[in-house]
Amino acid sequence: MKKIVMLLTLLSIFGVSCKYPAKDKVSIPEKSEIFGLASPVNLNIEKTTVLLADFFIEPSNIDSVSANKNLSVSLSENKNEVNIIVVSDSLKKLSVLDIYSEGYKYSILLKKSDKIKYDFSFDPKGKTYKLVQIKGEMNAWNPNNGVMTYDGKKWNITFEIEPGVYQYKLVVDGKEVSDPANKDSISNNIGGFNSLLKAGKVSDKDAPYLSTISYNEKEIIFSIENNVQEFFVFYQNYQIPDALIKKEGNKYTVKIPEESQKFERSYIRIWAYNKAGISNDLYIPLVNGKVIADVSELGRTDFETAVMYNVFIDRFYDGDESNNRPLNIPEVLPKADYHGGDIAGIIQKINDGYFESLGVNTLWISPIVKNVEGAYGEWTNPKTKFSAYHGYWPVSFTKIDERFGTSEEFKQLVELAHSKNMNVILDFVAHHVHEQHPLYKQHTDWATDLYLPDGSLNTERWDDYRLTTWFDVFLPTLDNSKPEVYQMISDSALFWIKEYNIDGFRHDAAKHVPLVFWTHLTRKIKEQIVFEQNKKVYQIGETYGTHELVGSYVNSGMLDGQFDFNLYDAVSTAIALDNSFKTVENSINQSFKYFGWHNLMGNITGNQDRGRFISYATGTLKYDEDAKLAGWTRDITVGSPDGYKKMALLMAFINTIPGIPVIYYGDEIGMPGGNDPDNRRMMRFDMLSTDEVILMTATSELIKTRLNSMPLLYGDFKFLLVEDDIMVYQRTYFDKIAVVVISKSENKQNVEFELDSRFDSKEMEPVFNNKISTENNKLKVEVEPYSFEIIFN
């Protein structure tokens, strides 16, 4: 002890200051060593490697690391990695990795793995098989990762999986079958059924639940329902010590660090846990150290406020007929040819106020890079080839296709959008090029192999060869595991930010690109754009797969979010097929678990690779049919006025849950269609029907309601009532509450539920004029068939 005192005295004498914080203080540098907010790290069962370059500007400045006594942590010699080994089964559900750099302590939350070892067996009942595999949500539907072993009686396999319910199929000597010994099954929405595997304890309803209660200029108060073992409060990437937190009953008062006043935008984040599980998280934005109380204090680069509109450029609006150059050849039917939409058309619609009237503030524009000339691919019924109207067959990474416009026009578009307080993100294809791309002609070795070792084509092998598969024989997959490839492709992406000042990317086929590409691209964006230019950039990916696979790309070192297709599948089929809303409850809780309760995931109305929701919702398109074939062989319509109401239900849902609402062009008016290219009809702006106008008006009102509500943007989330046809949930932000009621019943419903006791039901007012009444803090809402309501205090 005397040696420590002497050392500190000497440091003081020679003017050397130690900035590591005292127990009652948060020490914060003028400029953080960490890019943005550090995402929590999900630990593996045994060993986890944390790439410090995903978090830190200069890892070489790191002095040391430390963590919970039940973890062994070591810093690599080059300081690029921290290796974390679980050394005790008594590891807490949450803990902290402390990293010391340049005299300051940074903290990153660690989440203990919930994975369990699950033994699965299949009894062949005396039948002989050469090969038995299992494919399902537990192994990303890849049978090669589900090869079972035979012990003389049964076929067996052991998985390491999170507790939950998983859909699966058996693959017996190459034939997919349901598990004959398992009666639990669920529709696969394409005419068949998948078996259901239940592993471990699924529910964590007794886990802590956190709520923001009140605030003043110096403090915030939050509460914790259910018992709590430990909680963690972070200001940015610094853990707030217990000395700055006061407990009174189930309420906790946190002092906002004084240093926060120096920063225009910063955040407080809070987590807790008990034996039952991990809590929801709190996410509180600050402006110069004060809690943001009103949406007027938010800006367009606060991406939690984004409402995204997918402009499929060729099919949106033709603003300049002089650049029209369809193929006009017999081999390509009109549906598969260019229709004339262009950059000039988007500019015109911005100037016309279309997006402003709708309320959207972020434009996602499909690829505008130069694409191949001529016709490729083939469809047999009816027979046709395809032009590259969609933009996904690139022959350049940086040149704009003249059929869409010019470089000057795109600069004008971005500048105009920014002047209207709108973001522009661009669709970027890193996965593949067209075979006519000069890069491929020069470096055929930069592509993966078209043929597999067994001689079969490596095309459309979405799961078993997902990182090497070609999408078609004329679309070489780039081998982004090679440094010379990912360096060049990532530089090409940065070109669009530097040259045109766009605000981010939608990344095509994210799961088919190796993780090393995403870490290098994101690192470059942080170094060259975020750090040097102080500009925020948003990246969202497209990945179909399990929550675990999708979430593996969403963290500090890679993407900000991905499209939540699992949640879309749950809510769209609940509305269209009359599945229970309880499937939606389960799905969104899974999303919260993997992506966080405050996330930047994309919540979609549909996209360019699916049949239109409104056609599924009215039965003019069936889930058990080939939606692409249907789009070619018959005229798919809306079918029933109820379709517009069901579309409005989907709009209400995505605009009131955490994440970013994403509207596929035309869904705001209920455009019908099968799968592509039928779901890519030319956008209509005139001669709208009464039902289409009503839907567009409802969409606009929902978006504007969201953008004017702090609870809907940053609020805590809690289900109040979930039944087969009724779903009620609340979003709370301190003393403000928004209650959302959604009914997919074909009959009028009287929905009754109880509010949290701190809110007075008598102060509640509906936005969409449904009749409400109150009794003993219970709220009763009368909702019409296929309708919704949002109620504020």
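Residue numbers here run from 1 along each chain, matching the order of that chain's written sequence. Thresholds applied to this predicted model are a pLDDT of at least 70 for local features of residues and 80 or more for the giving and counting of side-chain atom pairs; totals over whole chains, interfaces and linings are not thresholded and use all residues. To obtain the side-chain values, all non-hydrogen atoms of the structure were used and water was disregarded.

**Examining the overall build of the protein**
Consideration 1: Of the regular secondary structure elements, the protein holds 15 helices and 43 strands.
Consideration 2: Radius of gyration here is computed from C-alpha atoms only, and the compact-globule reference equals 2.2 Å multiplied by the residue count raised to the power 0.38. Taking 2.2 N^0.38 as the reference for a compact globule, 793 residues should give roughly 28 Å; the C-alpha atoms of the protein span a radius of gyration of 27 Å, in line with that estimate.
Consideration 3: Across its three principal directions, the C-alpha atoms of the protein cover 90 × 70 × 65 Å.
Consideration 4: The classification of residues rests on relative accessible area computed with a 1.4 Å probe and restricted to protein chains. Under 20% of the type maximum is buried, over 50% is exposed, and intermediate values are partly exposed. Each of the 793 residues in the protein was classed as buried or not, and the buried ones make up 57%.
Consideration 5: Contact definition: two residues touch when any of their heavy atoms are within 4.5 Å. Long-range pairs, those at least 24 residues apart, make up 70% of the contacts in the protein between residues at least 6 apart in sequence.
Consideration 6: Per-residue and other accessible areas were derived by the Shrake-Rupley procedure at a 1.4 Å probe size, with only the shown protein chains allowed to occlude residues. Accessible area for the protein stands at about 33600 Å²; split by element, carbon and sulfur atoms hold 48% of it.
Consideration 7: Note on charges: Lys and Arg go in the positive column, Asp and Glu in the negative column, and His and the chain ends are not counted at all. In plain terms, the charge of a residue is placed at NZ if it is Lys, CZ if Arg, CG if Asp and CD if Glu. For the protein, the distance from the average position of its 86 positive side-chain charges to the average position of its 109 negative side-chain charges is 5 Å. Secondary structure elements are defined from DSSP: runs of H or I of at least 4 residues count as helices, runs of E of at least 2 residues count as strands, and each element is numbered from the N terminus.

**A word on the packing of helix α9 (residues 565-576) against helix α13 (residues 642-654)**
Each pair of packed helices can be described by the angle between their axes along with the distance between the axes.
Consideration 1: For the pair α9 and α13, interaxial distance at closest approach is 10 Å and the crossing angle is 145°. α9 and α13 meet at a crossing whose hand is right-handed. Together, Leu567, Tyr568, Val571 and Ile575 of α9 and Lys646, Leu649, Leu650 and Phe653 of α13 make up the contact between the two elements.
Consideration 2: In terms of residue class, the contact of α9 with α13 is built from 7 nonpolar, no polar and 1 charged. Throughout, an axis means a line fitted to C-alpha atoms (over the contacting stretch in the case of helices), and angles, computed between N-to-C directions, take values from 0 to 180 degrees. Definitions for this section: a left-handed crossing has its near helix turned counterclockwise from the far helix by less than a right angle. A right-handed crossing has that turn clockwise. Lys, Arg, Asp and Glu make up the charged group, whereas Ala, Val, Leu, Ile, Met, Phe, Trp, Tyr, Cys and Pro make up the nonpolar group; the residues left over, Gly among them, are polar.

**Section: the sheet that holds strand β11 (residues 155-161)**
Consideration 1: The criterion for strand pairing is that DSSP finds at least two bridges linking the strands in question. As summarised here, the arrangement of the 3 strands in space is β8-β11-β10, forming an open sheet in which the pairing is antiparallel. For this open sheet the edge positions go to β8 (116-122) and β10 (149-150), each flanked by a neighbour on one side alone.
Consideration 2: Note that β10 and β11 share 2 bridges and pair antiparallel. In the sheet register, Tyr150 faces β11, and the bridge partner there is Trp155.

**Considerations on the pattern of salt bridges**
Consideration 1: Counted as salt bridges are all cases of a side-chain nitrogen of Lys or Arg within 4 Å of a carboxyl oxygen of Asp or Glu. Across all of its chains, the model carries 41 salt bridges by this definition.
Consideration 2: Residue Asp302 is joined to Arg265 by a salt bridge in which the shortest nitrogen-to-oxygen separation is 2.9 Å. Placement of Asp302 in the loop between β25 (290-291) and β26 (308-311) and of Arg265 in the loop between β21 (251-255) and β22 (266-274) is noted, with a sequence separation of 37 residues between them.
Consideration 3: Since its relative accessible area comes to 22%, Arg265 is described here as partly exposed.
Consideration 4: Between Lys370 and Glu402 there is a salt bridge, with its nearest N and O atoms 3.3 Å apart. Taken together, the residues span a long stretch of sequence, with Lys370 in the loop between β27 (362-365) and β28 (376-380) and Glu402 in the loop between β29 (383-386) and α4 (407-419) at a distance of 32 residues.
Consideration 5: Residue class for Glu402 comes out partly exposed when judged on its relative accessible area of 34%.
Consideration 6: Taken together, the shared-partner salt bridges connect Arg325, Lys370, Glu373, Asp401, Glu402 and Arg403 into one network.

**Digging into the confidence of the model for the protein**
Consideration 1: Here pLDDT means the predictor's own confidence in every residue, given as a number from 0 to 100. When pLDDT is averaged across the protein, the result is 94; 96% of the residues are at 70 or more.
Consideration 2: Segment residues 1-18 is flagged for pLDDT under 50; beyond a separation of four residues in sequence, or across chains, it makes 1 contact in the model.

**Quick notes on the packing of helix α2 (residues 343-351) against α4**
Consideration 1: Following both chains from N to C, one finds α2 and α4 inclined at 25°, their axes separated by 9 Å at the closest point. When the axis of α2 is compared with that of α4, the two are roughly parallel. Considering the relative orientation of α2 and α4, their crossing is left-handed. Mapping the contact onto sequence places Ile343, Ala344, Ile346, Ile347, Ile350 and Asn351 in α2 and Glu409, Phe410, Gln412, Leu413, Leu416 and Ala417 in α4. By the definition adopted for this analysis, an angle is roughly parallel if under 35 degrees, roughly antiparallel if over 145, roughly perpendicular if from 65 to 115, and oblique otherwise.

**Some details on empty space enclosed by the protein**
Consideration 1: Method remark: on a 1 Å grid restricted to protein atoms, a set of points is classed as a cavity if a 1.4 Å probe fits but cannot get out and as a pocket if it is open with protein on both sides within 12 Å along at least five of seven lines; lining residues have an atom within 4 Å of a point. Grid points are joined across faces, edges and corners, and a volume is the space filled by probe spheres set on the points. Summed over all chains, the structure comprises 5 cavities of 30 Å³ or more.
Consideration 2: Estimates place the volume of the largest cavity at around 90 Å³.
Consideration 3: Forming the boundary of the largest cavity are Pro367, Val369, Pro394, Ser396, Phe397, Leu426, Asp427, Phe428, Val429 and Trp496.
Consideration 4: The element contributing the most residues to the lining of the largest cavity is strand β30 (residues 423-428), with 3 residues.

**Some details on helix α10 (residues 582-595)**
Consideration 1: How far a helix is expected to stretch is found by multiplying one less than its residue total by 1.5 Å. Taking 1.5 Å of rise per residue, 14 residues should cover 20 Å, and α10 covers 20 Å from first to last C-alpha, within 8% of that figure.
Consideration 2: What α10 keeps buried is the set Val584, Ser587, Ile588, Ser591, Phe592 and Phe595. Projected down its long axis, α10 carries its buried residues within an arc of 140°, all on one side.
Consideration 3: Buried residues along α10 sit against α8 (547-551), α9, α13, β36 (716-722) and β37 (726-733).
Consideration 4: In the segment just after α10, Gly596 is the residue with positive phi, at about 95°. As used here, the arc is the angular range of directions from the helix axis to the C-beta atoms.

**A short note on the sheet that holds strand β42 (residues 778-783)**
Consideration 1: With respect to topology, 3 strands assemble into an open sheet ordered β39-β42-β41, the strand pairing being antiparallel. One side of each edge strand has no neighbouring strand; the edge strands of this open sheet are β39 (749-754) and β41 (772-775). Adjacent strand axes in the sheet meet at a mean angle of 20°, parallel and antiparallel pairs treated alike.

**Let's talk about α9**
Consideration 1: Spanning 12 residues, α9 covers 16 Å between terminal C-alpha atoms, matching the ideal 16 Å at 1.5 Å per step.
Consideration 2: Burial of α9 is extensive: 10 of the 12 residues sit out of reach of the surface.
Consideration 3: Along α9, the positions that sit buried rather than exposed are Phe565, Leu567, Tyr568, Ala570, Val571, Ser572, Thr573, Ala574, Ile575 and Ala576.
Consideration 4: Buried residues in α9 make contact with α10, β34 (602-604), α11 (613-618) and α13.
Consideration 5: A positive backbone phi angle near 65° is found at Asp578, which sits one or two residues after α9.

**A closer look at the side chain of Lys718**
Consideration 1: Within the secondary structure, Lys718 sits in strand β36.
Consideration 2: Think of a polar contact as two N or O atoms within 3.5 Å of one another; within protein, one of them needs to be a possible hydrogen donor and the other a possible acceptor, and neighboring residues in sequence only count if both atoms come from side chains. In terms of polar contacts, Lys718 uses its side chain to reach the side chain of Glu225, at 3.0 Å.
Consideration 3: In this structure Lys718 touches Tyr209, Glu225, Tyr729, Gln730 and Asp756, once residues within four positions along its chain are discounted.

**Thoughts on the side chain of Asn675**
Consideration 1: Assignment of secondary structure puts Asn675 in the loop between β35 (660-664) and α14 (690-707).
Consideration 2: Taking the relative accessible area as the measure of exposure, Asn675 reaches 14% and is therefore buried.
Consideration 3: Among the polar contacts listed, one links the side chain of Asn675 to the backbone nitrogen of Arg610, at a separation of 3.3 Å.
Consideration 4: At a separation of 3.5 Å, a polar atom in the side chain of Asn675 contacts the side chain of Asn679.

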